[in-house]
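Structure at a glance
Here's the letter readout for the chains.
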Amino acid sequence: MSNNIKVICRFRPQNSNELKHGGVPVIEIDDNNETVKVVGSSEFKGAFTFDRIFGSATSQEEFFNYSVRSTVEDVFNGYNGTVFAYGQTGSGKTFTMMGAETEDGTLRGVIPRMVETIFTSIHESPNTIEYTVKVSYMEIYMERIRDLLNPENDNLPIHEERSRGVYVKGLRDVYVSSIPEVYEVMKQGSSARIVAYTNMNAESSRSHSIFVINITQKNLNDGKAKVGRLYLVDLAGSEKVGKTGASGQVLEEAKKINKSLSALGMVINTLTDGKSIHVPYRDSKLTRILQESLGGNSRTTLIINCSPSSYNDAETISTLRFGMRAKSIKNKAKVNQDLSPAELKALLKSAKAQEISFKSYIGALEGEVKIWRMGGTVPPEQYATLERARAIGGRPAPAALPAPSIGSIISDVLRPMTPAVALADDEREEFLKRENELTDQLAEKETEIIDLTKVTQEMTDEIQYLREESTALSIENKEVGQDLQHIKIQLDRTNHANKEANITIEGYKLSNAEIARELAEAKQKVTEMSLQQLDTGAVNKQKLKEEKMAKMMSEIDPSFVLNKDEQELQAAFQNLNIDSNTTGRPTIVALTQRLNEKVKELTKFQTDNEDLRRDNEQLNQKYTDMLAKLNTLELEYEELLDRTIAEEEEHGDIDITETIQELKNRLEAQYGSKRDQLIDELNETKADRDVKAHENSNLRASVLELKEIGAELKNQIDELRTSTAEAAASESVSSSTDPASLAQRERDIEILKKSMMNKLKEFDVMRKAMMRDLQMRCEKIIELEVALDEARDENNMLRRKNVHSVQQQKTAILEKNIAQLMSIQKELVDQNTNLKKESAMAERKLGARNERIDSLEALLLDTQEKMASQRQKYETQLQILKEKLGQSRNVKATTTSTMSGILNFGRIAKPLRGGGGSANGSPNVANGSGEVNGTNGSSALSTITESPATPNKRTSWLGWSR
Ligand SMILES: Nc1ncnc2c1ncn2[C@@H]1O[C@H](COP(=O)(O)OP(=O)(O)OP(=O)(O)O)[C@@H](O)[C@H]1O
């Protein structure tokens, strides 16, 4: 009996992406929930009709109850069942198949609900029925089948056998006896799935996943057995590639996904157009696996997931069209049932009867052949026929039941064949065998190709690496060569610089020697000059002093010899002594008075002289002070010079000529000011001297005046003499007349004469003292002038000394420079030596590098040869391995299951008994409320309900995160 595929359409709510792009709901579902229209679509104006349409608000439970629950019943009735979800990325396939949220269990999807229902059904069934549940989990990624329970197997072949139908060879299947165990299997499988981010779904399935549940049930009463196989398929997104923003690997995936989905479309088209004979199941792995689900032995439900949004209306219409086409696929589902023993017995009996019939038929035929061979004839009515043989055998013809195949629970007679080109049974068998072999070979070859590609890739990488290494080395080599060249150039330069430096040093040495010689000469000259200067200075000084004194004293008569006038004056006094006897008294008195006046003047002169002496002392003091100042100045100058030299030594980079010039200017300024001071002081002294000279001239004037007085006195004395002579003549008469008065007069004169003489003597003494004092003063002045000259000389000397010290300084700087140059030369020599060493080392290094490059090149060649030989070896080994592969696969299948698997169950069948009892007396099945009896079951459900608060769409319901 044929049955159509059940097509259920489910719309999800608009997502944020659609809302962001201004999408609005464009879906109009009729009241019966069977017809849907995409409003405003330019592509298709009509309506789509399906078995049932669910809107965005449909709950998971409601959806499951209507669309899939019956499939569980079908499987329990021995049918194959398939549920697969089709739709664009993000349309809700995984949401529907697996679910999103498990906190309250309402968001669980189809697969967990099915698992729960299966175990509930087992629990509810009579305990005379024994169940075994087996699951497997695979994905088709890039047209290769990966075992999600053993992901190492990523290119499994698809086989088809008459007895088993289409199956994936080597796919690991696991016996499960409880919901937690199923979840454990799903957890492991889901963690191995390949997902990626696309514009339309953050966690998009990039592969088609197929979860397979095999349920075998055996009625312990009559021995009848049924097998139901359930395919739960979550297809990859069927969107247009452009809209997903896919590129690179994802784009490649998308192309492959599209290829398998278009193969699915082609299969559906072929199955539904009513014309095609050949159905292209073999065009893709997906269609090949789902072969029995599409147009074969299966009760199939297709869920088409769609977006309600205007943003995705084109994809929605495409999906709806797909669903519409699929709706008309007709399957021929049959119960996969094994015969009961009674039926088998009847079958055996009939077979035996048939055997007897055949034997008698053969005997009859042989008899007839014998007659013919012996030349006899057999009339046509006596020809041996099967009916006659049966009649002779006396047994009825057996029922046309085919013999069961060995090793199969289900009679292969009941298994529908893959719709294909009509072939005879044995031909078909042969064809399938051959196809399986070829498929195996193909898978092996594919695996080999993959391995070889990997090896080739590795080798290419290695070659690339070696090439890069070689290039890097040659670049390095080049760089080293350049470095060496550079070093050589540097070495040449350094040698050249060294030579130049040597020459410069030689030059400096020569100039230094010359300077030293010049210095010695200058020193010599200076010494000689200073000696000469000392000698000539001393002589000159004395001479100058004498000259000056002479000049000065020329103005003053230092001989203290009375000049003619004075002598005359003295004589006059003498005469006066004589004449006084004769002259009248009034004149002498007057003279005496005048003399007294002069004495007073002399006293005053003495006082002035005393003042002059004091002034002179002060001048001397000043001179001493000046000398002291001069000494201090000299000391300061030397200190300054020392300091400046020290500073200059400290700051070697200062321009010495500038500094010396500056120093010179400073010193000159200082000396200028000091000289000006000295000159001022000298001027002052000169002024003093002038004053004194003035005073002196005053004195001279006084002397002259005195002379004049003397002359006047002389005149007077002459007059007196004359008058005395006249008087004498007259008085000779009178004296004779008055002898007493004459005697008195003579006494007076005598006294006067004496006092006059005394006064004269005193005056003479005073005059001499004054002259001496004046001489001394003149000497002092001359000494001062000489001291000034000396100071000038010393100043000049100091200047010369300064020049000399500059020279010394220059010499010191030169010596320093020479020392520096010597150290530079030493450094250069050291550098040169080092460079030579480095050059030798670099050359050695270069040699070593070249050797290394040679060896690497040799290694490269060697590696390439080795690679070639390894390739050959590998190919031969591969051949051997191929032979061993079959054996090792079998071994591996058994060992990996125990060794590498995370699952600690599943290899041993755990029969479950209906009614809550397990065959081995340890119940471990789901109860009616979807919960599981026993520790494992309850813990599993608690895992479901106590999953993390923010689960992701694929993992949350299982209570783990990927
Ligand atoms: N009926 C629904 N109700 C609420 N949310 C839904 C529904 N269907 C899908 N979603 C949400 O839409 C998002 C995408 O859904 P899902 O991942 O199931 O799409 P998909 O078709 O499996 O995509 P892909 O093909 O890329 O794997 C998820 O966040 C999911 O929770």
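Use the structure listed above.
Described in the following lines is the structure provided in the data block.

The rules behind each value
Residues numbered from 1 in each chain as written. Predicted model: local features only at pLDDT ≥ 70, side-chain atom pairs only at ≥ 80, totals over all residues. Heavy atoms only, no water. Buried < 20%, exposed > 50% of the residue type's maximum accessible area, 1.4 Å probe, protein only. Helix = DSSP H or I, 4+ residues; strand = E, 2+ residues; numbered from the N terminus. Pairing = 2+ DSSP bridges. Core = buried A, V, L, I, M, F, W, Y, C linked by side-chain atoms within 4.5 Å. Contact = heavy atoms within 4.5 Å. Axes fitted to C-alpha atoms, helices over the stretch in contact; angles between N-to-C directions. Parallel < 35°, antiparallel > 145°, perpendicular 65-115°, else oblique. Left-handed = near helix turned anticlockwise from the far one by under 90°. Nonpolar A, V, L, I, M, F, W, Y, C, P; charged D, E, K, R; others polar. Salt bridge = Lys/Arg side-chain N within 4 Å of Asp/Glu carboxyl O.

**Some remarks on the pairing of strand β7 (residues 81–87)**
Extensive coverage of β7 is indicated by the burial of seven of its seven residues. Here β7 shows no split at all, with Gly81, Val83, Ala85 and Gly87 on one side and Thr82, Phe84 and Tyr86 on the other all buried. Where β7 and strand β16 (residues 225–234) come together, five bridges link them in parallel fashion. Bridge pairing in β16 links Ala85 to Asp234. Relative to strand β17 (residues 299–306), β7 runs parallel, the two sharing seven bridges. Considered in β17, the bridge of Gly81 is made with Arg299.

**A closer look at the nonpolar core**
Counting 43 residues, the largest nonpolar core has Phe50, Leu264, Ile289, Leu294, Leu302, Ile304 and Leu320 as the members making the most contacts within it. Residues contacting Leu302, with those up to four places away along its chain left out, are Ile5, Lys6, Val7, Ile8, Phe84, Tyr86, Phe322, Gly323 and Ala326. Formed by 41 residues, the second largest nonpolar core is a distinct cluster that contains Ile122, Tyr137, Leu148 and Val182.

**A word on the packing of helix α2 (residues 60–67) against helix α5 (residues 110–124)**
Axis separation between α2 and α5 bottoms out at 10 Å; the angle between their running directions is 60°. Taken together, the axes of α2 and α5 are oblique relative to one another. Where α2 crosses over α5, the two elements pack in a sense that is right-handed. Contacts between α2 and α5 pair Gln60, Glu61, Phe63 and Phe64 from the former with Val110, Arg113, Met114 and Thr117 from the latter. For the contact of α2 with α5, the per-class residue count stands at four nonpolar, two polar and two charged.

**Looking at the pattern of salt bridges**
Under the criterion given, the structure shown has 11 salt bridges. We note a salt bridge from Lys134 to Asp173, for which the minimum N-O separation is 3.3 Å. With a gap of 39 residues between them, Lys134 in strand β8 (residues 129–141) and Asp173 in the loop between β11 (165–168) and β12 (174–176) connect regions that are remote in the sequence. Among the residues examined, Lys134 registers a relative accessible area of 22% and is labelled partly exposed. Taking the relative accessible area as the measure of exposure, Asp173 reaches 23% and is therefore partly exposed.

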